Amino acid sequence: MATGATLGSAGLLLPALTDVAQAADLDAGSIPRFTRAMPLPPVLRPSLAAGGAAFYRMTMRESTAEIVPGLRTRVRTFNGSFPGPVIRAVSGRPVVIAQTNALDVDTAIHLHGGHVPPESDGAPMDLVPAGGGTRAYVYPNQQPHANLWFHDHAHHMESENVFRGLTALYLITDDIERGLNLPSGDQDVPIALRDARFDSDGQFVYVMGDFQQRNVILANGSAWPYFEVEARKYRLRLFNTSNQRFFKIGLSDGSQFTQIGSDGGLLAAPFPTTSLPLSPGERADVVVDFSRYPAGTRLVLSNGQDGPDALTAQLLQFRVVPARGPDTSTVPDVLRTLPALPPATAFRDIALSMDEGPVAPGTEPQGYINGRVYDPDRVDTVIPYGSTEVWTVSNTNRFIPHNLHIHLVQFRVLERNGQPVVTGPESGLKDTVSLFPGETVKLQATFTGYRGRYLYHCHLIDHAAMGMMATMQIV
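In this text the structure is predicted, and so the values were computed from the model without any measurement. (Residues numbered from 1 in each chain as written. Predicted model: local features only at pLDDT ≥ 70, side-chain atom pairs only at ≥ 80, totals over all residues. Heavy atoms only, no water.)

## Let's talk about the overall build of the protein
Thinking step 1. A tally of regular secondary structure across the protein gives three helices and 34 strands.
Thinking step 2. Over its C-alpha atoms the protein spans a radius of gyration of 21 Å, differing by no more than 12% from the 23 Å that the globule rule assigns to 475 residues.
Thinking step 3. Once the C-alpha set of the protein is aligned to its principal axes, its extents read approximately 60 × 55 × 50 Å.
Thinking step 4. Across the 475 residues in the protein, those meeting the buried criterion constitute 60%.
Thinking step 5. Counted over contacts in the protein with a minimum sequence separation of 6, partners at least 24 positions apart contribute 76%. (Helix = DSSP H or I, 4+ residues; strand = E, 2+ residues; numbered from the N terminus. Rg over C-alpha atoms; globule rule 2.2 N^0.38 Å. Buried < 20%, exposed > 50% of the residue type's maximum accessible area, 1.4 Å probe, protein only. Contact = heavy atoms within 4.5 Å.)

## A short note on the pattern of salt bridges
Thinking step 1. Tallying each qualifying case throughout the model produces 25 salt bridges.
Thinking step 2. As a salt-bridge pair, Glu228 and Arg324 come within 3.5 Å of each other at their nearest N and O atoms. Taken together, the positions of Glu228 in strand β15 (residues 226-230) and Arg324 in the loop between β23 (314-321) and β24 (346-354) put the pair 96 residues apart, joining distant regions of the chain.
Thinking step 3. Residue class for Glu228 comes out partly exposed when judged on its relative accessible area of 43%. (Salt bridge = Lys/Arg side-chain N within 4 Å of Asp/Glu carboxyl O.)

## Here's the deal with the sheet that holds strand β17 (residues 247-251)
Thinking step 1. An order of β15-β23-β22-β17-β20 is seen for the five strands of this open sheet, with the pairing classed as mixed. Edge positions in the sheet fall to β15 and β20 (276-278), since each of these pairs with one other strand and no more. In this sheet, neighbouring strand axes are inclined to one another by 30° on average, regardless of whether the strands run parallel or antiparallel. (Pairing = 2+ DSSP bridges. Axes fitted to C-alpha atoms, helices over the stretch in contact; angles between N-to-C directions.)

## Let's talk about the pairing of strand β5 (residues 73-78)
Thinking step 1. Where burial is concerned, most of β5 is hidden: five out of the six residues are buried.
Thinking step 2. As paired elements, strand β4 (residues 53-65) and β5 share six bridges and run antiparallel to each other. Residue pairing in the sheet places Ala65 in a bridge with Thr73 of β5.

## Regarding the packing of aromatic side chains
Thinking step 1. Enumeration over the complete set of coordinates arrives at 15 aromatic pairs.
Thinking step 2. For the ring pair Phe163 and Tyr206, a centre distance of 5.5 Å and an interplane angle of 55° mean the geometry is tilted. Within this pair, whereas Phe163 is found in helix α1 (residues 158-163), its partner Tyr206 is found in the loop between β12 (188-196) and β13 (216-219), the two being separated by 43 residues in sequence. We note that Phe163, like Tyr206, is buried.
Thinking step 3. Ring geometry for Phe246 versus Phe436: centroids 4.8 Å apart, planes at 45°, classification tilted. In this pair, Phe246 sits in the loop between β16 (233-240) and β17 while Phe436 sits in the loop between β31 (432-435) and β32 (440-446), placing the two residues 190 residues apart along the sequence.
Thinking step 4. The buried category is assigned to Phe246, whose relative accessible area is 2%.
Thinking step 5. With relative accessibility at 22%, the residue Phe436 sits in the partly exposed group. (Phe/Tyr/Trp six-rings, centres within 6.5 Å; stacked < 30°, edge-to-face > 60°.)

## Topic: empty space enclosed by the protein
Gaps left between atoms show up when a probe the size of a water molecule is rolled over them.
Thinking step 1. Counting across every chain of the model gives two cavities of 30 Å³ or more.
Thinking step 2. The volume enclosed by the largest cavity comes to roughly 130 Å³.
Thinking step 3. In terms of lining, the largest cavity is formed by 13 residues, of which the most central are Pro83, Gly84, Thr167, Ala192 and Thr241.
Thinking step 4. Among the elements of the structure, β11 (167-173) and β12 are those that each provide at least two residues to the lining of the largest cavity.
Thinking step 5. Counting residues per element, the lining of the largest cavity draws most heavily on β11, at three residues. (1 Å grid on protein atoms, 1.4 Å probe; cavity = no way out; pocket = protein on both sides within 12 Å on 5 of 7 lines; lining within 4 Å. Points joined across faces, edges and corners; volume = space filled by probe spheres on them.)

## Some words on the confidence of the model for the protein
Thinking step 1. In this model, the protein carries a mean pLDDT of 94, and residues with pLDDT of at least 70 account for 95%.
Thinking step 2. Scored below 50 in pLDDT, residues 1-20 makes 61 contacts in the model with residues more than four places away or belonging to other chains. (pLDDT = per-residue confidence, 0-100.)

## As for the nonpolar core
Thinking step 1. Ranked by size, the top nonpolar core spans 81 residues in total, and within it Phe318, Trp391, Leu404 and Ile406 carry the most contacts.
Thinking step 2. Listed in part, the 25 residues of the second largest apolar core include Val116, Tyr137, Ala146 and Leu166. (Core = buried A, V, L, I, M, F, W, Y, C linked by side-chain atoms within 4.5 Å.)

## Details of the pairing of strand β33 (residues 452-457)
Thinking step 1. For β33, the buried fraction is high: five of the six residues fall into the buried class.
Thinking step 2. Direction of pairing for β33 relative to strand β34 (residues 469-474): antiparallel, over a ladder of six bridges. Within the sheet, the bridge partner assigned to Tyr456 lies in β34 and is Ala470.

## As for unusual backbone geometry
Peptide bonds are mostly trans, and most non-glycine residues show a negative phi.
Thinking step 1. With an omega of 10°, the peptide bond between Phe82 and Pro83 qualifies as cis.
Thinking step 2. Tracing the chain through its elements places Pro83 in the loop between β5 and β6 (86-90).
Thinking step 3. The backbone of Asn79 shows a phi angle near 60°, a positive value even though the residue is not glycine.
Thinking step 4. Turning to its location among the elements, Asn79 is positioned in the loop between β5 and β6.
Thinking step 5. Phi is positive for Asn370, which is not a glycine, with a value near 50°.
Thinking step 6. Summarising the element assignment, Asn370 is placed in the loop between β25 (367-369) and β26 (381-383).

## Section: the sheet that holds strand β14 (residues 222-223)
Thinking step 1. One open sheet holds the seven strands; their spatial order is β14-β13-β12-β16-β21-β18-β19, and the pairing between them is mixed. Unpaired on one side and paired on the other, β14 and β19 (265-273) mark the two borders of the sheet.
Thinking step 2. Across six bridges, the pairing between β12 and β16 is parallel. Of the residues in β16, the one forming a bridge with Ile191 is Leu238.

## Quick notes on the environment of Val105
Thinking step 1. The residue Val105 is located in the loop between β7 (95-101) and β8 (109-112) in this model.
Thinking step 2. Counting along the chain gives 24 residues from Val105 to Pro129, while the straight-line C-alpha distance between them is 7.4 Å.
Thinking step 3. In this view, Val105 contacts Arg76, Ala130, Met157 and Asn161; residues no more than four positions away in its chain are not counted.

## Brief notes about the layout of surface pockets
Thinking step 1. If you add up the space inside the largest pocket, you get close to 590 Å³.
Thinking step 2. Along the walls of the largest pocket sit 31 residues, with Arg88, Ser184, Gly185, Asp186 and Asp188 positioned nearest its centre.
Thinking step 3. Among the elements of the structure, β6, β11, α2 (175-178), β12, β15 and β16 are those that each provide at least two residues to the lining of the largest pocket.
Thinking step 4. Residue composition of the lining of the largest pocket, by class: 17 nonpolar, four polar and ten charged.
Thinking step 5. Its volume calculated, the second largest pocket comes out at about 410 Å³.
Thinking step 6. Surrounding the second largest pocket, 22 residues form its lining, Pro339, Val409, Gln410, Leu429 and Thr446 being those nearest its centre.
Thinking step 7. Considering each element in turn, the lining of the second largest pocket owes the most residues, three residues, to β32.
Thinking step 8. Grouping the constituent residues of the lining of the second largest pocket by class yields eleven nonpolar, ten polar and one charged. (Nonpolar A, V, L, I, M, F, W, Y, C, P; charged D, E, K, R; others polar.)

See below:
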């Protein structure tokens, strides 16, 4: 294989930075699987609730966590929590978070999928200074139910900070979601999935673009855990918080489950499936009915993206126990009515690309949007406030997968490779969409709510750090 490239998802070539000193790796195959219970992220309580708003204080700081059994790993966290905590918000009720940075690196916190003013969007140069700097982020929550998450976005540091743990979850509910009889309480479970690489002492090994070596799977911050489920329906809120890894999620017995939501909340109707693709940054809301399994069943949440013999082919194990009471939850035939698509007022072409193969000695691979590397001082796209645009987004690489995340808006995917998207995982509101080599998607978004500068970029976060970002200005 050419120097400066590593095997990516499904054997695709991904550029990697070379000439980096690397510690001896932990043998991922030696890590015991399904011996530790999957932790659940702690739900934060507001420090103050006044005037209809909820106020939180969070501190970004280093901590340690037992990710691999028997080893302690240094991690970067919100409030010392790994996995990161959960904030539960309500549509129409603002949340204010005072973020204090006790790390030794600058940060900028982005609420991924949030419809927020530009000063609270976590732009790469709107930094929370290291060593005690504080910034208040205001989230109006003027959007429907959605499973969001927040993470660092400081340019050139975002990929390492996210890799080292600086992520957390943000769940918005609304009257429509609360009015459904979906599984709830202990049967409503957020699960953050990602990969990682460790040295023999159990410390993270971070090398930008180093996809091939990140072969330990974490579920809620634990390597290959198990999760005990009763023989009843469960709602699983799945988040791909990996830097680069694509998942194709299924159950090891090949049985069906039901997708009820995507990035921007509930689908219009449930979608039965046996396989669910999830690129970095994407989310999926699914219901699995474990009542069809006898107590004692052990079932694996699998990853069909990498092949059955790959170390990363298993994600976590479910252990079925008897139900402790009746299951009265249901999945209705209609979940919600999606907003109508207004007529388009503008059309744009967006090309994603990255250097492939070897790069010149002493240089790093770079990522491009429409042939340009990110420049924080440059506006790439000017969009009139209130306009509805159709973007035709293409991955022009031969071997490297990408995806596209647009800040501020939720969009609708109209076509994939020329085929209309009517039902399925991409039929709801989205903020991140995958593109394998040579693929093209057509999407539609209405740019309203706020004026100012926002990003659009590849959410393979290493690619963003390599420059695959651009700035739009809503005017």
